[in-house]
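# Architecture and fold: a report
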Amino acid sequence: MERWPALELAGTIHHDGHGGVADDLATVQGTTHWIQEQGDLLAGLIPAGELAADENLRLAIIELRQAVRALFARVVAPAPPSPADAQRLMTADQAMAHLNTAAAREPVAPQIDWPLEGVPTARLLSAEGDPYVRLVAALARAAIEFLSGPQRTQLRSCTAPRCVRYFVKSHGRQEWCKPSCGNRARAARHYRRQRTAVDDGSAPS
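Residues numbered from 1 in each chain as written. Predicted model: local features only at pLDDT ≥ 70, side-chain atom pairs only at ≥ 80, totals over all residues. Heavy atoms only, no water.

Turning our eyes to something else, we now look at the nonpolar core. Core analysis: the largest hydrophobic core is formed by 36 residues, its most contacted members being Ile-61, Phe-72 and Leu-99. Counting only elements with at least two residues in this core, the list comes to α1 (5–10), α2 (28–37), α3 (55–76), α4 (92–104), α5 (131–147) and β6 (166–168). The dominant element in this core, judged by the number of residues it contributes, is α3, at 11 residues. If near-sequence neighbours (up to four positions away) are discounted, Leu-99 is found in contact with Leu-64, Ala-67, Val-68, Leu-71, Ala-140, Ala-143, Ile-144 and Leu-147. Core analysis: the next-biggest nonpolar cluster, separate from the first, contains 7 residues, Cys-163, Trp-176, Cys-177 and Cys-181 among them. (Core = buried A, V, L, I, M, F, W, Y, C linked by side-chain atoms within 4.5 Å. Buried < 20%, exposed > 50% of the residue type's maximum accessible area, 1.4 Å probe, protein only. Helix = DSSP H or I, 4+ residues; strand = E, 2+ residues; numbered from the N terminus. Contact = heavy atoms within 4.5 Å.)

Following this line, the structure appears as structure tokens:
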């Protein structure tokens, strides 16, 4: 299953399994753990597996997440956005300005590598020495690439009860982010039908 840094960042807000919402970035330790989990996605951009967060970095990543989730809400409209933060979203203009500013903080230049017996590849060479700046800028660039790429058209907000995730629709009939959400949504739908039948007096005695 393909993963995108922007989707992983938005997904740091998720259902906690007990009817509430969990935030993986709620603490410095949690933020460090999340960064280290993204090592494969950010390989070559930052030493994510070795980077430890501090409070300033945690807050910078949270602000970036707010921008990403605001633009995700714009993408899925007119469908409802994730209920986790639907009432306190940045405006789209604020979110775009924040992403662009964060991405611009790291000066990078594309470099080509073309071995004699291989195919050419490109990488970004950074002139920024601060790994915290590089991390936030890399996440911002990844969000810009996601939002301007073809996967944007398949972005959805999961409508299962209690779920607050965004996901990329992988096939035509997919309605929820994962099978457990589908099971919960179908159960809730069945319960509503049963309640309606009872209220209408049409349920069997």
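Having put the structure on the table, let's press on.
All right, on to the packing of α3 against α5 then. α5 packs onto α3 with a crossing angle of 5° between their chain directions and a minimal axis gap of 10 Å. What the angle tells us is that α3 and α5 run roughly parallel. On the side of α3, the interface is formed by Leu-57, Ala-60, Ile-61, Leu-64, Val-68, Leu-71, Phe-72 and Val-75, while α5 contributes Tyr-132, Leu-135, Val-136, Leu-139, Ala-140, Ala-143, Phe-146 and Leu-147. (Axes fitted to C-alpha atoms, helices over the stretch in contact; angles between N-to-C directions. Parallel < 35°, antiparallel > 145°, perpendicular 65-115°, else oblique.)

Within the secondary structure, Arg-58 is located in helix α3. Looking at Arg-58, its side chain comes within polar contact range of the main-chain oxygen of Leu-25, at 2.8 Å. In this view, Arg-58 contacts Leu-25, Ala-26, Thr-27, Val-28 and Thr-31; residues no more than four positions away in its chain are not counted. (Polar contact = N/O pair within 3.5 Å; in protein donor to acceptor, adjacent residues only side chain to side chain.)

Moving on, we come to the pattern of salt bridges. Throughout the structure, instances matching the rule amount to 7 salt bridges. Across the pair Glu-8 and Arg-3 runs a salt bridge whose closest N-O atoms are separated by 3.3 Å. Owing to a relative accessible area of 32%, Arg-3 belongs among the partly exposed residues under this scheme. Close ionic contact of Arg-134 with Glu-106 constitutes a salt bridge, the shortest N to O distance being 3.4 Å. You can see Arg-134 sitting in helix α5 and its partner Glu-106 sitting in the loop between α4 and β3 (108–113), a full 28 residues away along the chain. (Salt bridge = Lys/Arg side-chain N within 4 Å of Asp/Glu carboxyl O.)

Moving on, we come to the packing of aromatic side chains. In this structure the tally under the stated criterion is 3 aromatic pairs. Ring geometry for Trp-4 against Phe-146: centres 5.8 Å apart, planes inclined by 75°, an arrangement best described as edge-to-face. You can see Trp-4 sitting in the segment before α1 and its partner Phe-146 sitting in helix α5, a full 142 residues away along the chain. Considered together, Trp-4 and Phe-146 belong to a single accessibility category, that of buried residues. Plain terms: the ring middles of Phe-72 and Tyr-166 are 5.4 Å apart, the flat faces sit at 75° to each other, and that makes the pair edge-to-face. Here Phe-72 is found in helix α3, whereas its partner Tyr-166 is found in strand β6, with 94 residues between them in sequence. Its relative accessible area of 6% is what places Tyr-166 among the buried residues. (Phe/Tyr/Trp six-rings, centres within 6.5 Å; stacked < 30°, edge-to-face > 60°.)

Right, let's get into the environment of Phe-146. We classify Phe-146 as buried; its relative accessible area is 2%. Separated by 139 residues in the primary sequence, Phe-146 and Leu-7 have C-alpha atoms spaced 8.5 Å apart. Beyond its immediate sequence surroundings of up to four residues, Phe-146 is in contact with Trp-4, Ala-6, Phe-72, Gln-151, Arg-152, Leu-155 and Val-168.

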